[in-house]
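Each chain is listed here by its residues.
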Amino acid sequence: MKKHQIKKTENTVKKKVLSPLKTAMAMVGDAHIHIDYSSPGVRDRIIFGGLVGYDSIWQAGAHMATWLETNKDLIIDGKTLPAGKYGFFTIPSKDKWVLIFNKNWDQHGKDEYNEKDDVLRFKVTPVISDNITEQLEYKVSKNSDSSGSISFSWEKVSISFSFDVK
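This text gives an overview of the structure that appears in the document. This one's a predicted model, so the numbers in the text were calculated from it and none came from an experiment.

1. Details of the sheet that holds strand β5 (residues 79-81)
Spatially, β5-β4-β10-β9 is the arrangement adopted by the four strands of the open sheet, whose pairing is antiparallel. Each of the sheet's edge strands pairs with one partner strand only, and the pair in question is β5 and β9 (127-142). Across this sheet, the average inter-strand angle for adjacent strands is 40°, counted without regard to direction. Note: β9 against strand β10 (residues 147-165), nine bridges, orientation antiparallel. Following the sheet pairing, K142 is matched in β10 by G148.

Now the structure itself:
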């Protein structure tokens, strides 16, 4: 081997993905609920009211818009979310969050978000904790054969909402 050649090794170090792709899913009765999202870390940043501005649309994850797919109609906040695949967006604020299901699920961030494509909007109250959830996390939980809940936690904020399978 010549002096200036560098030998490649099998043990190349892979760069850690800062916002790994994750999924959350559950069966609630005969409804399959699937959420796909990129999970950014807090990494010593102020997230809500900082990195994610208050009172502005946010794709509820990193990179591509977070999406939810359901094979059955769901009743959320007294309204029907028809079976299908939707982009999940939020408008965070200190006291109330607007949660949005939008027809355009396949987009980078909020680049192509258009309010006219909203299928369902409703408000929830965030829960603030002293504990930090380092990586953004969604959970889909079965509460009974016909009802469940979806929750989201990141930094010191958690939001959740219930749904019934129609």
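Additional details are given in the paragraphs that follow.
2. A few points about the pattern of salt bridges
Counted under the stated rule, the structure contains six salt bridges. Where R121 meets D118, a salt bridge forms, and the shortest distance between an N and an O atom there is 2.7 Å. Its relative accessible area of 30% is what places R121 among the partly exposed residues. Between K142 and D145 there is a salt bridge; the shortest N-O distance is 3.1 Å. Judged by its relative accessible area of 47%, K142 is partly exposed. Classification of D145 by relative accessible area gives exposed; the value is 58%. Salt bridges sharing common partners tie together E115, D118 and R121.

3. Overview of the packing of aromatic side chains
Within the structure shown, the criterion is met by 17 aromatic pairs. Considering the side-chain rings of F122 and F161, the 5.1 Å spacing of their centres and the 75° angle between planes classify their relative orientation as edge-to-face. On the criterion of sequence distance, the pair formed by F122 in strand β8 (residues 118-124) and F161 in strand β10 is long-range, its members being 39 residues apart. The same class applies to F122 and to F161, which are both buried. By the ring-pair criterion, three or more aromatic residues cluster together here, those being Y37, F48, W58, Y86, F88, W97, F101, F122, Y138, F152, W154 and F161.

Each value, and the rule that gives it
Starting afresh in each chain, residues are numbered from 1 along the sequence in its written order. For a predicted model such as this one, the threshold for reporting local features is a pLDDT of at least 70, and the threshold for listing and counting side-chain atom pairs is 80 or more; totals across whole chains, interfaces and linings nevertheless cover every residue. To obtain the side-chain values, all non-hydrogen atoms of the structure were included, while hydrogens and water were left out. Think of it this way: DSSP has to see at least two bridges between two strands before they count as a pair. By definition, any uninterrupted DSSP run of H or I lasting at least four residues is a helix, any uninterrupted run of E lasting at least two residues is a strand, and each is numbered from the N terminus. Here an axis means a line fitted to C-alpha atoms, over the contact stretch when the element is a helix, while the angle between two N-to-C directions is reported on a 0 to 180 degree scale. Only one rule defines a salt bridge in this text: a Lys or Arg side-chain nitrogen within 4 Å of an Asp or Glu carboxyl oxygen. Think of it in three bands: residues with accessible area under 20% of the maximum for their type are buried, residues over 50% are exposed, and the middle band is partly exposed, with areas taken using a 1.4 Å probe on protein chains only. Between the rings of Phe, Tyr and Trp (Trp by its six-membered ring), a pair exists once the centres lie within 6.5 Å; its type follows the angle of the planes, with under 30 degrees stacked, over 60 edge-to-face, and the other angles tilted.

These results come straight from atomic positions and should not be treated as a statement about function.
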